[in-house]
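Residues per chain are reported as follows:
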Amino acid sequence: MAFSVARQVFRASKNPSKSLVIQGRNRFSTGPNLSAIPYSKALLNVPPTRVTTLDNGIRVATEDNGSPTATVGIWIDAGSRYESDDNNGVAHFLEHMAFKGTSKRTQAQLELEIENMGAHLNAYTSREQTVFYAKCLSKDVGKSIEILADILQNSKFEDSQIERERGVILREMQEVETNLQEVVFDHLHATAYQGTALGRTILGPTENIKKIGREHLIEYIESHYKGPRMVVAGAGGVPHDELVKLANTHFGRVKTVYDKTAIPELPANCRYTGSEIRVRDDSLPLAHIAIAVEGCGWKDPDNIPLMVANTLIGSWDRSQAGGSVSGSNLAEAAAKLGLAHGFQAFNTCYKDTGLWGIYFVCDPLTIDDFVYNIQSEWMRLCNNVTESEVERARNLLRTNMLLQLDGSTPVCEDVGRQLLCYDRRIPIHELEARINAVDAKTIREVCTQYIYDRCPAVASVGPVEQLGEYNRIRSGMYWLRV
């Protein structure tokens, strides 16, 4: 059923004048006899994103659609990238400690209060951001904001709780080691950004986790949790003026200046290095490999063409039928020739750099053949990509972006992330116009700039003896033609 719905939405989005109709019913109608709303007009019904900046620099952003549920959260411009070798892992440790009790609530009282509201409280840490958010009923937005403000500003960080959570994080690290995709991407960052902050893992090394204490947590908060680096975001049934008042009340004490005499030095641009790392383990049944080149940052205008190129490569695994009709040449090769169990193209962006590439899982004996197909497809993007392929990728990218904004939580995440990455929320119609402006010539020019004759970063885990040496992989990054 999910495949059928997605396919019909894709067909409708190819032509803006056609209606979004799913299973014969008008998606926007109240009855079967009403005419469908054209896609272009449907975009006009998307609620605007309103942004207000408080006196201490905190930005409050909302997209209010009047629904009975809401998601509110705090997006902070601080992640593992802002750590040093000595305290790597402290941002993730701090995320864990935020739910362990404050000066107003014990951990049990906090959990009971959230449970009684029927709300969901969660958090996550990335290389550039730390996020705390709550999903609740619209009538409970005020209470949720008060709780989020409490855990961010009044957490006690008791020694007993720190020791208990230290064990939890160490067990989490062991679990991550069993997720080979996570392992490969950590290795990819370690080799691509070796010697820089982006090369470190989010969880940090074991020796750091064993020594992180209360003073490290307090120092990280005082160094990075400042008003201009924070966004209070809300989506769903969240009136903007109400959220601004709540943010003023509960986050008004957040400082804009540093207690120390000098502002802590923030990480410089992270240097990319074409290189490789191999972890050979013949006891594993399949090889897990990632190959990437340096992409661009969030604000770079080349990001949209690289996203379209990423969609052209696509993703596929053996659980999906129809690799030969998916529109991706690589999926067709993987399905018909059995070269891979699955692959996924990715475009990972940071403020000043990024990684554009592909992750795949395959049998040891087909590694070389699949790498050849990957690089041939990359070279084709630089030289021979057609307008019909780019049109398909544009339509698919546009549809996927809209489908990912289904619900208050992904919308709230999109609002908070974009405010930190772009300093504004990009309207859907603007994003669509930028995608539609990408043609085959743009793809060829951008891919030539970022892919052609560039040194890749390669990370591999498993039985990878058949993976060609780095110089051979490097030689596949260009075509010699007579």
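Residues numbered from 1 in each chain as written. Predicted model: local features only at pLDDT ≥ 70, side-chain atom pairs only at ≥ 80, totals over all residues. Heavy atoms only, no water.

Remarks on the overall build of the protein
Then step 1. Looking only at helices and strands, one finds 18 helices and 14 strands in the protein.
Then step 2. Across the 482 residues in the protein, those meeting the buried criterion constitute 52%.
Then step 3. Counting only contacts in the protein whose residues sit at least 6 apart along the sequence, the fraction spanning at least 24 positions is 79%.
Then step 4. Accessible surface, the protein: about 22,200 Å² in total, of which carbon and sulfur atoms supply 51%. (Helix = DSSP H or I, 4+ residues; strand = E, 2+ residues; numbered from the N terminus. Buried < 20%, exposed > 50% of the residue type's maximum accessible area, 1.4 Å probe, protein only. Contact = heavy atoms within 4.5 Å. Areas by Shrake-Rupley, 256 points an atom, 1.4 Å probe, with all protein chains shown as cover.)

Things to note about the sheet that holds strand E10 (residues 287-294)
Then step 1. The strand order E9-E14-E10-E13-E12-E11 describes an open sheet built from six strands, whose pairing is mixed. Strands with a single pairing partner mark the edges of an open sheet, and in this sheet they are strand E9 (276-280) and strand E11 (315-317). Shown here is a sheet whose adjacent strand axes are inclined to one another by a mean of 15 degrees, direction ignored.
Then step 2. On the sheet, helix H7 (residues 180-192) packs against E9, E10, strand E12 (342-349), strand E13 (354-362) and strand E14 (457-462) and is oriented at approximately 145 degrees with respect to E14.
Then step 3. The sheet strands contacting helix H11 (residues 303-313) are E11, E12 and E13, and the helix crosses E12 at an angle near 175 degrees. (Pairing = 2+ DSSP bridges. Axes fitted to C-alpha atoms, helices over the stretch in contact; angles between N-to-C directions.)

Some words on the pairing of strand E4 (residues 59-64)
Then step 1. Across the six residues that make up E4, a large majority, five, are buried.
Then step 2. Examined bridge by bridge, strand E3 (residues 50-53) and E4 share four bridges and lie antiparallel to one another. Looking across to E4, one finds that Thr52 is bridged to Val60.
Then step 3. In sequence, E3 turns back onto E4 through a hairpin of five residues, with Gly57 there showing a positive phi of about 95 degrees.
Then step 4. In terms of strand pairing, E4 meets strand E8 (residues 230-236) through six bridges, oriented parallel. In the strand pairing of E8, Asp64 is matched with Gly236.

Side note on the confidence of the model for the protein
Then step 1. For the protein, the average pLDDT comes to 87, and 87% of its residues sit at 70 or higher.
Then step 2. Ignoring residues within four places in sequence, the model shows residues 1-35, a span with pLDDT below 50, making 46 contacts including any to other chains. (pLDDT = per-residue confidence, 0-100.)

A word on the packing of aromatic side chains
Then step 1. If you walk through the whole model with that rule in mind, you get nine aromatic pairs.
Then step 2. Three or more aromatic residues joined by ring pairs make a cluster, and in this case those are Phe185, Phe346 and Tyr359.
Then step 3. Positioned above the aromatic ring of Tyr82, the side-chain terminus of Arg229 is 4.8 Å from the ring centre. (Phe/Tyr/Trp six-rings, centres within 6.5 Å; stacked < 30°, edge-to-face > 60°. Lys NZ or Arg CZ within 6 Å of the ring centre and 35° of its normal.)

Examining unusual backbone geometry
Then step 1. Located in the positive-phi region is Asp423, a residue other than glycine, with phi close to 70 degrees.
Then step 2. Position of Asp423 among the secondary structure elements: in the loop between helix H15 (408-421) and helix H16 (428-436).

Digging into the pattern of salt bridges
Then step 1. All told, the structure shown has 34 salt bridges when counted by the stated rule.
Then step 2. Taking the shortest distance from any N to any O, the salt bridge between Arg105 and Glu146 comes out at 2.4 Å. Here Arg105, found in the loop between helix H3 (90-97) and helix H4 (107-117), pairs with Glu146, found in helix H5 (residues 141-153); they are 41 residues apart in sequence, far enough to count as distant. Note on accessibility: Arg105 and Glu146 belong to one class, buried.
Then step 3. A salt bridge links Asp368 to Arg472, with the shortest nitrogen-to-oxygen separation between them at 2.9 Å. One end of the pair, Asp368, is in helix H13 (residues 367-383); the other, Arg472, is in helix H18 (residues 470-475), and 104 residues separate them in sequence.
Then step 4. Owing to a relative accessible area of 28%, Asp368 belongs among the partly exposed residues under this scheme.
Then step 5. Of the residues examined, Arg472 reaches a relative accessible area of 47% and is grouped as partly exposed. (Salt bridge = Lys/Arg side-chain N within 4 Å of Asp/Glu carboxyl O.)

Details of the side chain of Glu377
Then step 1. Considering the arrangement of structural elements, one finds Glu377 in helix H13.
Then step 2. Within the local environment of Glu377, its side chain forms a polar contact with the side chain of Arg380, the two groups lying 2.8 Å apart.
Then step 3. The residues contacting Glu377, other than those within four sequence positions of it, are Ile313 and Asn329. (Polar contact = N/O pair within 3.5 Å; in protein donor to acceptor, adjacent residues only side chain to side chain.)

Focus on the side chain of Thr191
Then step 1. Tracing the sequence through the fold places Thr191 in helix H7.
Then step 2. Not counting residues up to four positions away in its chain, the partners in contact with Thr191 are Thr273, Ser275, Glu276, Ile277, Ala457 and Val458.

Concerning the sheet that holds E3
Then step 1. Here six strands make up an open sheet; going across it, the order is E3-E4-E8-E5-E7-E6 and the pairing mixed. The open sheet is flanked by E3 and strand E6 (120-125), the only strands paired with a single partner. With strand direction ignored, the average angle separating the axes of adjacent strands in the sheet is 15 degrees.
Then step 2. Strands E3, E4, strand E5 (69-76), E6, strand E7 (130-137) and E8 of the sheet are contacted by H15, whose axis makes an angle of about 25 degrees with E5.

A word on the environment of Ile74
Then step 1. Secondary-structure assignment places Ile74 in strand E5.
Then step 2. Through-space distance from the C-alpha of Ile74 to that of Tyr133 is 6.2 Å; in sequence the pair is 59 residues apart.
Then step 3. When near neighbours in sequence (up to four residues on either side) are disregarded, Ile74 contacts Thr130, Val131, Phe132, Leu148, Leu152, Met230, Val231, Val232 and Phe251.

Observations regarding the environment of Gln320
Then step 1. Positionally, Gln320 belongs in the loop between E11 and helix H12 (329-337).
Then step 2. Classification of Gln320 as partly exposed rests on a relative accessible area of 38%.
Then step 3. Between the C-alpha atom of Gln320 and that of Ala335, which follows or precedes it by 15 residues, the distance is 9.4 Å.

Considerations on the pairing of E5
Then step 1. Burial runs high along E5: seven of the eight residues are buried.
Then step 2. In terms of strand pairing, E5 meets E7 through eight bridges, oriented antiparallel. Counted as the bridge partner of Ile74 is Phe132 from E7.

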